[in-house]
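Below are the chains, spelled out letter by letter.
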Amino acid sequence: MKTKRRSKKTESQIMKELMQLCEEDKKSPIKNRIKNWEKALNSAKKLKDLKNQAHIAKKLTNLYFEINNSEKALEFTKQTLSYYKATNNLEKIISTEINIAIINLKMNKFSETIKHFKALLNTQKLDKNNLENLYLYMGLAYYFLDNYSEALKCYEKTLELSDKEKDSFKLVNLYNRIGMVYKILGVYPRALEYLILSSDIANRLNNKSEYATVMNNIGMVYGDWGMKEKALEYFSNALKIKKEIGHNSSIAQSLTNIGTIHNQNGEYDKALEFYNESLKISKEIKDDFTISSTLNNIGSLYYKKGKTEKAISYIKEALKYKRKVGNQEGIFIGLQNLSTYYLELGKIEEALEYALECSKVAEETANDSYKYQTYLTYTNIFKKQKKYKKALDYLEKYTELKDIVFKKEKIEKIAEMQTRYETKQKEKEAEILRIKNEELDQKNKLIEEKNEELQETIKKLHHSEIKYNFVTEEMEKDIGNTFIGNSKAIKEIKKLIALAARSDKINVLITGESGTGKEVAARNIHKLSNRKNNNFYAVNTSAIPEALFESQIFGHEKNAFTGANSTNIGWFEIADESSLFLDEIGTLSSEMQVKLLRVLEDRKIVRIGSHKEIEIDVRIISATNINLLEKVRENKFRVDLYHRLATYVIQIPPLRERKEDIPLLLRHFVKHFSKKMNKKIIRIEEKLENALLKYDFPGNVRELKNMVERAILISNSSTLRVNCFIIPTIQVECSENEPILSLDEVEKLQIIKALKLTGFHRQKAADLLKVNRKVIERRIKKYNITPKK
């Protein structure tokens, strides 16, 4: 009996059967499903079935995404795009182009992602939904390139296009990302505002995974803000939720964050326990970013514990993963740390080897910030080798390049601020069209005020800018660096200074009126202490804008906020193992006081944008011309900060209470300024000395110094006479018939006297009276003062 022969299946039937099998198969191992879909794709290609080719390629893209094979996912997405282009399906072409950019983003090709998105913006007309996705992912690419200002612009553009009335996962994600950018920029209240919005929506949507992620990020903000207990509370809550839902990647991140808080608290064993657990999980799921950061944290921890060899082994392993993910900044910092650690161990060759690698990274990235940091690394290495000439050469290179970078950064910051101002101006102009005429003037006035504030901030930034100098003590010797006088008060002050210098660990508070010589006393304390071989650093705290206080005092990491294009070392780090003089300490705001107190208590600082604690050994000498105890009683100055600063108090008496020192000070200043101005003053008129002894000097020694400087400037004789001085006088006794002069008349007489002494030279008169030339010109006009012919 003959059996019937089966008819051969057509290619179309094979493809349909395979597709049906693939669509129904949800339980087979993913590799088997990929294999079946690829067979179906080959059948579709043979049949030239473009519609099914696109459908199958899209399925394969998703499957390869599931197994983290981004390259294969990209390959099939490009195939999908070619099918859509062949059928001229514009809507699918645009969405697939966006997907290609997103895959590039996943593959850490951030610049390529941005380029792809910009090309789409220029060539395609995108609907609202596509624009929303484009700006969101482009912001993410900028974020990973550390360009936070551009990232923020993209996120804010996305927010404009979003439906903010309706709770959505997209809104949770967007508010979260904006909050994290503000965290990096150090704008913590704004960061919390957006993150709380994100957590509220995630909670309402009952999305535990996202809610835990945002809770973790809120913890990170509190951690950066220095509120460690609050940070630990949020990290622990986030970890609890993540363990419930089994989200390993997020668990590893939370464990690392909790470890970091324990690390900052000095609980190293506890921190290590959390770090190791995080490392184990992140290695299991192959999360290279978390692996590299956790290894780095463990290395830093061992370094703090003094186990440098062990620290090196972890930093080296972290470096491998940083190279793998292409984290150039992380690579450079890792190499620099290895060079520093080896140098501390006395292993010069290894230190040099890693310094050379730092040089290579600096050259490859054309990053001047990396270059000058590398020059400093070489300086320390050659200094250790006692190759002082080489060390000095690199120190000069470091100083020169750092100055160039600082100037460039300042120009870029001003340009960026100007651009922002212009953008805001345009936005205001658009708004003006929709508002009433009476509101127009008010809006423009506000813009002008903002611009003035901006210019003032730039000006203050310039005046309070950190200057690095390596001048020796001998070169610094100048007028005012030592106390002049033989009075009982000065002898007592000198004893107090000598006692303060004996212990270079205690903090000193110097009080006294303006011009009494508080900084001079501080310099003398430093000069007599064990820290005398290091530089003395003086900071006028009132000159630092509040917004820049943390950055100037504690420093910041690169990209910690908009315009922070390089790492900036703060005053506490600069003054390590030296003395830091904080002038006008009584002007600190309550927020600044809290931040300063924390550093004085812990003897550790954390730069803005960093989690790493840096131990410091700084002797704090502070000064004030106001009654701090009175401010403490008024709750305007923290009592705990006062006791930290005022371990040892020196009160400098005003000049009126030690008038016997005036003749000595007078001769000292005459000698100094006559030499400086190349004038021969060989005699001082007796009448001058008597006149000065009768004056109370409200401006103290500084006022006397300025008086002498002015007098020598206008003197044309070898004898310094009383008529060269402007000495305010108070008539104690006067007849009943003697008229009382008004303040305007007194001002007019003083201006006339200054003009006569300078031959009616307005600028010189202004210099004598210590005012702006424009003030003199206005008063001349006001009082109708004319030179007598």
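Just so it is clear, the structure is predicted and the values come from calculations on it, not from any experiment.

**A short note on the overall build of the chain**
Phase 1 of the analysis: Broken down by element type, the chain carries 35 helices and 11 strands.
Phase 2 of the analysis: The buried share of the chain, taken over its 789 residues, is 47%.
Phase 3 of the analysis: For the chain, long-range pairs separated by at least 24 residues make up 65% of all intrachain contacts whose partners lie at least 6 apart in sequence.
Phase 4 of the analysis: Counting every atom, the chain has about 43300 Å² of accessible surface; 49% of that belongs to carbon and sulfur.

**Some details on the environment of Ile 34**
Phase 1 of the analysis: Here Ile 34 lies in helix α2 (residues 30-46).
Phase 2 of the analysis: Here Ile 34 falls in the buried class, since its relative accessible area comes to 6%.
Phase 3 of the analysis: Along the backbone, Ile 34 and Asn 62 are 28 residues apart, and their C-alpha atoms lie at a distance of 10.0 Å.
Phase 4 of the analysis: For Ile 34, the contacting residues outside a window of four places in its chain are Leu 60, Leu 63, Tyr 64 and Ile 67.

**Digging into the nonpolar core**
Phase 1 of the analysis: Counting 65 residues, the largest nonpolar core has Phe 117, Met 138, Tyr 155 and Ile 178 as the members making the most contacts within it.
Phase 2 of the analysis: With nine residues, helix α9 (residues 169-184) is the single largest residue contributor to this core.
Phase 3 of the analysis: Beyond its immediate chain neighbours, meaning those up to four positions away, Ile 178 contacts Leu 152, Tyr 155, Leu 159 and Tyr 194.
Phase 4 of the analysis: The next biggest cluster of nonpolar side chains, apart from the first, holds 36 residues, and it includes Tyr 268, Leu 343, Cys 358 and Tyr 370.

**Description of the packing of helix α10 (residues 188-204) against helix α11 (residues 208-224)**
Phase 1 of the analysis: One way to put it is that α10 packs onto α11 with a least axis distance of 9 Å and a crossing angle of 165°. Classified by the angle between their axes, α10 and α11 sit roughly antiparallel to one another. In this structure, α10 crosses over α11, and the sense of that crossing is left-handed. On α11, the residues touching Tyr 188, Ala 191, Leu 192, Leu 195, Ile 196, Ser 198, Ser 199, Ala 202 and Asn 203 of α10 are Glu 210, Tyr 211, Val 214, Asn 217, Ile 218, Val 221, Tyr 222 and Asp 224.
Phase 2 of the analysis: In the contact of α10 with α11, the residues fall into 11 nonpolar, four polar and two charged.

**Topic: helix α27 (residues 590-602)**
Phase 1 of the analysis: For α27, which comprises 13 residues, the first-to-last C-alpha distance of 19 Å matches the rise-based estimate of 18 Å (1.5 Å per residue) to within 8%.
Phase 2 of the analysis: Those residues of α27 lying buried are Met 592, Gln 593, Lys 595, Leu 596, Leu 597, Val 599 and Leu 600.
Phase 3 of the analysis: Buried residues along α27 sit in contact with α25 (549-554), α26 (571-574), β5 (579-583), β6 (604-606), β8 (619-624) and α29 (639-645).
Phase 4 of the analysis: At the C-terminal side of α27, Arg 603 shows a positive phi close to 55°.

**Structural notes on unusual backbone geometry**
Phase 1 of the analysis: Phi at Lys 386 takes a positive value of approximately 65°, unusual for a residue other than glycine.
Phase 2 of the analysis: Note that Lys 386 resides in the loop between α19 (368-384) and α20 (388-432).
Phase 3 of the analysis: Judged by relative accessible area, which is 61%, Lys 386 ranks as exposed.
Phase 4 of the analysis: Despite not being glycine, Asn 700 has its phi angle at roughly 60°, a positive value.
Phase 5 of the analysis: Within the secondary structure layout, Asn 700 lies in helix α32 (residues 700-714).
Phase 6 of the analysis: Taking the relative accessible area as the measure of exposure, Asn 700 reaches 0% and is therefore buried.

**Some thoughts on the packing of aromatic side chains**
Phase 1 of the analysis: Under the counting rule described, the total for this entry stands at 22 aromatic pairs.
Phase 2 of the analysis: Between Tyr 188 and Trp 225 the ring centres are 5.6 Å apart and the planes differ by 35°, which places this aromatic pair in the tilted class. Here Tyr 188 is found in helix α10, whereas its partner Trp 225 is found in the loop between α11 and α12 (228-245), with 37 residues between them in sequence.
Phase 3 of the analysis: You can call Tyr 188 buried: its relative accessible area is 3%.
Phase 4 of the analysis: Clustering of aromatic rings is evident, with ring pairs tying together Phe 110, Tyr 143, Phe 144, Tyr 148 and Phe 289.
Phase 5 of the analysis: Lys 230 extends its terminal NZ or CZ atom over the ring of Tyr 222, reaching a point 6.0 Å from the ring centre.
Phase 6 of the analysis: Directly above the ring of Tyr 394 sits Lys 397, whose terminal nitrogen or CZ lies 4.7 Å from the centroid.

**Some details on the pattern of salt bridges**
Phase 1 of the analysis: Within the structure shown, the criterion is met by 33 salt bridges.
Phase 2 of the analysis: The partner of Arg 190 in a salt bridge is Glu 193, with the nearest N and O atoms 3.0 Å apart. With Arg 190 and Glu 193 both in helix α10, this residue pair falls three residues apart, about one helical turn.
Phase 3 of the analysis: On the basis of relative accessibility, which here comes to 31%, the residue Arg 190 falls in the partly exposed class.
Phase 4 of the analysis: Residue Glu 193 is classed as partly exposed on the basis of its relative accessible area of 40%.
Phase 5 of the analysis: Between Lys 347 and Glu 309 there is a salt bridge whose closest N-O contact spans 3.2 Å.

**Remarks on the side chain of Ser 300**
Phase 1 of the analysis: Take Ser 300: it is sitting in helix α15 (residues 288-304).
Phase 2 of the analysis: Residue classification places Ser 300 among the buried residues on the basis of a relative accessible area of 13%.
Phase 3 of the analysis: Contact partners of Ser 300, with chain neighbours within four places excluded, come to Ile 315 and Tyr 341.

**Quick notes on the side chain of Arg 607**
Phase 1 of the analysis: Assignment of secondary structure puts Arg 607 in the loop between β6 and β7 (613-615).
Phase 2 of the analysis: Side chain to side chain, Arg 607 and Glu 573 meet in a polar contact 2.8 Å long.
Phase 3 of the analysis: Every residue in contact with Arg 607, bar those within four places of it in the chain, is listed here: Phe 554, Gly 555, His 556, Glu 557, Thr 567, Asn 568, Ile 569, Glu 573, Lys 612 and Ile 614.

**Quick notes on the confidence of the model for the chain**
Phase 1 of the analysis: Per-residue confidence for the chain gives a mean pLDDT of 80, with 86% of residues at or over 70.
Phase 2 of the analysis: Under a pLDDT of 50 for its full length, residues 457-481 has, in the predicted model, 51 contacts with residues more than four places off or in other chains.
Phase 3 of the analysis: The low-confidence segment residues 730-735, where pLDDT is below 50, has zero contacts with residues more than four positions distant or belonging to other chains.

**Digging into the sheet that holds β8**
Phase 1 of the analysis: The strand order β2-β5-β8-β1-β9 describes an open sheet built from five strands, whose pairing is parallel. The outermost strands of the open sheet, each flanked by one partner alone, are β2 (536-540) and β9 (648-651). Averaged over all neighbouring strand pairs, the angle between strand axes comes to 20°, with direction disregarded.
Phase 2 of the analysis: Two strands pair when backbone bridges link them, and strand β1 (residues 508-511) and β8 are joined in this way by four bridges, in the parallel orientation. Within β8, the position partnered with Leu 509 by the bridge is Ser 622.

**As for the pairing of β9**
Phase 1 of the analysis: Burial along β9 is one-sided: the face carrying Tyr 648 and Ile 650 is buried and the face carrying Val 649 and Gln 651 is not.
Phase 2 of the analysis: Across four bridges, the pairing between β1 and β9 is parallel. Across the sheet, the residue bridging to Ile 510 is Ile 650, located in β9.

**Concerning helix α30 (residues 662-676)**
Phase 1 of the analysis: Spanning 15 residues, α30 covers 21 Å between terminal C-alpha atoms, matching the ideal 21 Å at 1.5 Å per step.
Phase 2 of the analysis: What α30 keeps buried is the set Ile 662, Pro 663, Leu 665, Leu 666, Phe 669, Val 670, Phe 673 and Ser 674. Buried positions in α30, seen along its axis, are confined to an arc of 155° and lie on one side of it. Away from its buried face by more than 90 degrees, α30 exposes Lys 671 and Lys 675.
Phase 3 of the analysis: Buried-residue contacts for α30 involve β10 (683-684), α31 (686-694), α32 and β11 (719-720).
Phase 4 of the analysis: Taken from the residues just after α30, Asn 678 is the one with a positive phi, measuring 60°.

**Overview of the packing of α9 against α11**
Phase 1 of the analysis: The N-to-C vectors of α9 and α11 enclose an angle of 15°; their axes lie 11 Å apart at closest approach. Between α9 and α11, the crossing angle belongs to the class labelled roughly parallel. Here the hand of the crossing between α9 and α11 comes out left-handed. Between α9, through Phe 169, Val 172, Asn 176, Met 180 and Lys 183, and α11, the contact on the second element is made entirely by Glu 210, Thr 213, Val 214, Asn 217, Met 220, Val 221 and Asp 224.
Phase 2 of the analysis: For the contact of α9 with α11, the per-class residue count stands at six nonpolar, three polar and three charged.

Thresholds, definitions, all that
- Residues numbered from 1 in each chain as written.
- Predicted model: local features only at pLDDT ≥ 70, side-chain atom pairs only at ≥ 80, totals over all residues.
- Heavy atoms only, no water.
- Helix = DSSP H or I, 4+ residues; strand = E, 2+ residues; numbered from the N terminus.
- Buried < 20%, exposed > 50% of the residue type's maximum accessible area, 1.4 Å probe, protein only.
- Contact = heavy atoms within 4.5 Å.
- Areas by Shrake-Rupley, 256 points an atom, 1.4 Å probe, with all protein chains shown as cover.
- Core = buried A, V, L, I, M, F, W, Y, C linked by side-chain atoms within 4.5 Å.
- Axes fitted to C-alpha atoms, helices over the stretch in contact; angles between N-to-C directions.
- Parallel < 35°, antiparallel > 145°, perpendicular 65-115°, else oblique.
- Left-handed = near helix turned anticlockwise from the far one by under 90°.
- Nonpolar A, V, L, I, M, F, W, Y, C, P; charged D, E, K, R; others polar.
- Expected span 1.5 Å × (residues − 1).
- Phe/Tyr/Trp six-rings, centres within 6.5 Å; stacked < 30°, edge-to-face > 60°.
- Lys NZ or Arg CZ within 6 Å of the ring centre and 35° of its normal.
- Salt bridge = Lys/Arg side-chain N within 4 Å of Asp/Glu carboxyl O.
- Polar contact = N/O pair within 3.5 Å; in protein donor to acceptor, adjacent residues only side chain to side chain.
- pLDDT = per-residue confidence, 0-100.
- Pairing = 2+ DSSP bridges.
- Arc of directions from axis to C-beta.

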